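Understanding the architecture of this molecule
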Amino acid sequence: MFIIAEVGQAHEGSLGLALSYIDALADTGVDAVKFQLHIAEAESSEFEPFRVKFSQQDKTRFDYWKRMEFTLAEWKKIKARCDQKGVEFLASAFSNAAVELLEELGVERYKIGSGEVSNFLLLERIAKTGKPVILSSGMSSFKELDRTVEFLRKRKVEFFILQCTTAYPTKPEDYGLNVISQLRQRYGVMVGYSDHSAKRETCIAATALGAEILEFHAVFDRRSFGPDATSSLEIDEIKSLVKAVRNIETSLEHPVDKSDNFRYKDLKDIFEKSLAVNKDLPAGHKLTFDDLEAKKPKGAGINASQFEKLIGKKIKNNMKQWEFLNEDFI
């Protein structure tokens, strides 16, 4: 399982806050900490509308992206902190210029956001790097994904696909957990789940359904400022989620053979039961269902599973209440 915690824009343009997120997330056990690399002039314009009108300080969406930018020197510090903390630095690229910068940083792979799946200009530039790609399929139909997959396969790009619903926060009826298996069957690649529900159970369910990559937004506090805060998990939630996912992963890697229960032999002897009579009974009495009780341990009398063969049979001798029934008593 490859677990990605996305800082996204939660750093609010502050290098110090970005580094703090890396420190906190590294302690949760995630594999990668992801950012978004926006270069305003290369990807946006003053005409871009706000997805969510959350900001009073940014006149336009372009202004917001501009405020979120880091310099190359700052990105190098972010990458170095990830290396120092033992987590992979990962970033979504939204322009060819962003790819150039990420190449200078030496990223291992690329993340493609939902809005860029059909941006073949960007995908062409990334393909030239020869590095793997993680596609988030949130806004894409299967028809659109088919074209992108064909594009990447022609260029021999290794890729993975994440089921994603582009809704913030995502409601349970929109999770699309069923799509995980559909993506695997359709494309025959490693698949995963990109979550915006702000709930741990969503990623836990995705893991149980076979997701091999998980991605979710991270925030120190969901009451924070920013477009993704309400769709994010807080640090303590991420820590418990990672533990849960690792446990499920271990379980899935060790399938249980239900046809073999030899390991439970000693426990079965303790918990399974033998037949006894529940009242004093005279010799010659014909046993009825109402005469019987099942008591621990197994082996002290006839097995409780054999009660039917005793119904209507006579007992040879007087029996005391709670005495076990053995074959030689019948």
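Residues numbered from 1 in each chain as written. Predicted model: local features only at pLDDT ≥ 70, side-chain atom pairs only at ≥ 80, totals over all residues. Heavy atoms only, no water.

Going by what an unreviewed UniProt entry lists, the chain is known as N-acetylneuraminate synthase and is assigned to Salegentibacter mishustinae.

A few words now on the pairing of strand 5 (residues 133-136). Residues Val 133 and Leu 135 point to one face of strand 5 and Ile 134 and Ser 136 to the other, with burial holding for every one of them. Bridge count for strand 4 (residues 110-112) against strand 5 is three bridges, and the pairing is parallel. Pairing of Lys 111 across the sheet is with Ile 134, part of strand 5. Note that the unit made of strand 4, helix 6 (residues 120-127) and strand 5 has a crossover that is right-handed. Taken together, the four bridges between strand 5 and strand 6 (residues 159-164) define a ladder with parallel strand orientation. Within the sheet, the bridge partner assigned to Leu 135 lies in strand 6 and is Ile 161. What joins strand 5 to strand 6 is helix 7 (residues 142-154), and the crossover it makes is right-handed. (Buried < 20%, exposed > 50% of the residue type's maximum accessible area, 1.4 Å probe, protein only. Helix = DSSP H or I, 4+ residues; strand = E, 2+ residues; numbered from the N terminus. Pairing = 2+ DSSP bridges. Right-handed = clockwise from strand over helix to strand, strands pointing away.)

The domains assigned to the chain are domain 1 (2-253) and domain 2 (262-329). Centre-to-centre, using C-alpha coordinates, domain 1 lies 63 Å away from domain 2. (Domains from an automatic or database assignment.)

Further remarks concern the nonpolar core. One finds Ile 78 and Phe 89 to be the most contacted residues of the largest nonpolar core, which totals 69 residues. For this core, the element with the most residues is helix 1 (residues 15-26), which contributes eight residues. In this structure, Phe 89 is in contact with Val 33, Phe 35, Trp 75, Ile 78, Lys 79, Cys 82, Leu 102, Leu 105 and Val 107, ignoring residues within four places of it in sequence. Leu 275, Val 277, Leu 281 and Leu 325 belong to the second largest nonpolar core, which has ten residues in total. (Core = buried A, V, L, I, M, F, W, Y, C linked by side-chain atoms within 4.5 Å. Contact = heavy atoms within 4.5 Å.)

On to helix 9 (residues 200-208), then. For helix 9, the set of buried residues is Thr 202, Cys 203, Ala 206 and Thr 207. The buried side chains of helix 9 occupy one side of the element, clustering within an arc of 135° when seen end-on. In this fold, the buried residues of helix 9 make contact with helix 8 (179-187), strand 7 (191-195), strand 8 (213-217) and helix 10 (235-253). Following helix 9 by one or two positions, Gly 210 adopts a phi angle in the positive range, close to 105°. (Arc of directions from axis to C-beta.)

Glancing now at the pairing of strand 8. Consecutive residues of a regular strand have side chains that alternate between opposite faces of the sheet. The element strand 8 is extensively covered by neighbouring structure, given that five of its five residues are classed as buried. Here strand 8 shows a buried face lined by Ile 213, Glu 215 and His 217 and a second buried face lined by Leu 214 and Phe 216. The pairing of strand 1 (residues 2-8) with strand 8 spans five bridges and is parallel. Directly across from Ile 4, in strand 8, lies its bridge partner Glu 215.

With that out of the way, let us pick up a nonpolar patch on the surface. A surface patch of nonpolar side chains, about 410 Å² in accessible area, is lined by Tyr 264, Leu 267, Ile 270 and Phe 271. As for its position among the elements, Tyr 264 is in the loop between helix 10 and helix 11 (265-271). Look at Tyr 264 and you get partly exposed, because its relative accessible area is 38%. (Patch = residues over 30% accessible without salt bridge, like charges linked within 9 Å, V, L, I, M, F, W, Y side chains within 5 Å. Areas by Shrake-Rupley, 256 points an atom, 1.4 Å probe, with all protein chains shown as cover. Salt bridge = Lys/Arg side-chain N within 4 Å of Asp/Glu carboxyl O.)

Looking now at the pattern of salt bridges. Evaluation of the coordinates by the stated rule reveals 24 salt bridges. Ionic pairing is found between Arg 81 and Asp 23, a salt bridge with its closest N-O pair at 2.9 Å. Taken together, the residues span a long stretch of sequence, with Arg 81 in helix 4 (residues 72-85) and Asp 23 in helix 1 at a distance of 58 residues. On the basis of relative accessibility, which here comes to 23%, the residue Asp 23 falls in the partly exposed class. Linking Glu 100 and Arg 125 is a salt bridge whose minimum nitrogen-to-oxygen distance equals 2.7 Å. Taken as a pair, Glu 100 in helix 5 (residues 96-105) and Arg 125 in helix 6 lie far apart in primary sequence, 25 residues in all. We classify Glu 100 as partly exposed; its relative accessible area is 42%. For Arg 125, a relative accessible area of 18% corresponds to the buried category.

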